[in-house]
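Structural overview
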Amino acid sequence: MNVNGYKSSQGCEVSTTRTEELIEQLILETVFRHIKDEKIIRSSHHGFTKGKSCLTNLINFHDKMIGLVDEWRAVAIVYLDLSKAFDTVSRVNTGPVLFNIFINDLDGGAECTLRKFADDTKLEAVADTPDGWAAIQRDLDRLEKWASRTLLKLNKEKCKVLYVGRNNPRHQYMRRATHLGSSLAEKDLGVLVDTRLNMSQQCAFVAKKTTNILGCVKRSVACSLREAILPLYSALVRPHLEYCAQFWAPQYERDMGILEGIC
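The rules behind each value
Residues numbered from 1 in each chain as written. Predicted model: local features only at pLDDT ≥ 70, side-chain atom pairs only at ≥ 80, totals over all residues. Heavy atoms only, no water. Helix = DSSP H or I, 4+ residues; strand = E, 2+ residues; numbered from the N terminus. Expected span 1.5 Å × (residues − 1). Buried < 20%, exposed > 50% of the residue type's maximum accessible area, 1.4 Å probe, protein only. Pairing = 2+ DSSP bridges. Contact = heavy atoms within 4.5 Å. Axes fitted to C-alpha atoms, helices over the stretch in contact; angles between N-to-C directions. Parallel < 35°, antiparallel > 145°, perpendicular 65-115°, else oblique. Left-handed = near helix turned anticlockwise from the far one by under 90°. Nonpolar A, V, L, I, M, F, W, Y, C, P; charged D, E, K, R; others polar. Phe/Tyr/Trp six-rings, centres within 6.5 Å; stacked < 30°, edge-to-face > 60°. Lys NZ or Arg CZ within 6 Å of the ring centre and 35° of its normal. Core = buried A, V, L, I, M, F, W, Y, C linked by side-chain atoms within 4.5 Å.

Identification of the protein as Rna-directed dna polymerase from mobile element jockey-like from Mycteria americana is taken from an unreviewed UniProt entry.

**Some thoughts on helix H4 (residues 130–149)**
If you check H4, its first and last C-alpha atoms are 29 Å apart, about what 20 residues at 1.5 Å a residue would give, namely 28 Å. Within H4 the residues assigned to the buried category are Gly132, Ala135, Ile136, Gln137, Asp139, Leu140, Arg142, Leu143, Glu144, Trp146 and Ala147. Within two residues after H4, leucine 151 carries a phi angle of roughly 65°, on the positive side.

**Brief notes about the sheet that holds strand E1 (residues 75–81)**
Strand order in the open sheet formed by 5 strands is E2-E3-E1-E4-E7, with mixed pairing between adjacent strands. In the strand order of this sheet, the two ends are held by strand E2 (113–117) and strand E7 (181–182), each with one partner. Sheet analysis places E2 next to strand E3 (residues 120–126), joined by 5 bridges and oriented antiparallel. Counted as the bridge partner of leucine 114 is leucine 123 from E3. Sitting on the sheet, helix H2 (residues 54–70) touches E1, E2, E3 and strand E4 (160–164), and the angle it makes with E2 is about 155°. Sitting on the sheet, H4 touches E1, E2 and E3, and the angle it makes with E3 is about 155°.

**Some words on the packing of helix H5 (residues 200–220) against helix H6 (residues 226–236)**
Between two packed helices, what matters for the description is the angle formed by their axes and the separation of those axes. Their axes nearest at 11 Å, the elements H5 and H6 cross at an angle of 150°. Looking at the two axes, H5 sits roughly antiparallel to H6. Relative to H6, the crossing made by H5 is right-handed. In contact with Ile213, Leu214 and Val217 of H5, H6 contributes Ile229, Leu232, Tyr233 and Leu236. Here the residues of the contact of H5 with H6 sort into 7 nonpolar, no polar and no charged.

**A word on the packing of aromatic side chains**
All told, the structure shown has 0 aromatic pairs when counted by the stated rule. Looking at lysine 122, its charged tip hangs above the ring of phenylalanine 61, at a distance of 5.0 Å from the centre. Between the NZ or CZ atom of arginine 166 and the centre of the ring of tryptophan 72, over which it lies, the distance is 4.1 Å.

**Structural notes on the nonpolar core**
Residues Ile77, Trp248 and Leu259 are the most contacted members of the largest nonpolar core, which totals 33 residues. Listed by contribution, the elements that provide at least two residues to this core are H2, E1, E4, strand E9 (191–194), H5, H6 and helix H8 (245–248). Membership of the second largest hydrophobic core comes to 25 residues, among which are Phe99, Ile103, Cys159 and Leu180.

See below:
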């Protein structure tokens, strides 16, 4: 009872909130079951999908690229950026599921391979013949139309082409009337992927970042005892060393040496 003799509404509010959460969870489970039974979500999805992750996306991608390069094929990888795409779907518990459904037809009718993780998408294809160049351009045009139809926008400044493989002709691709830019390395789900696919740049990037963090820790903590430093190392440094490490594990002694100096 409150001071005026009326019952507080707080209990009703808590009960209503809990009911809403239960209904939302029930809807989520029903949607998940329907998606699984009907196999609605395409295999190109790796985000918010059981049994898939950033790691599966990167490993599947890298294995295919290495196979093509070993066959002396030239490959174009187009990194696409959909501006604020995830914001178009509510970020409640059902948000990730709805987002997967929302972008499910992104690769409908695609001639090239698309790999998706949430709003991070890359398009890849063999690009050593005019037919290959034309297929990539058709897919880019189709994606532009899809974005327009779904009220999304491709961020031209962040859409880049990575050219991989020996004697790559580095054919230029267009978005509307503008050439897409190219780069020698791109951040792919937090991992630096370069045109050589050998992960040396990623190892150097992680080493520099973790060294800077360790430096900050040592300058900020008066006590240098292991008991004081170890929890900070585990919380601030190890996540950078372990994130998708199965994918970018060093291949060369020099890279191993750089990382062992941090551990």
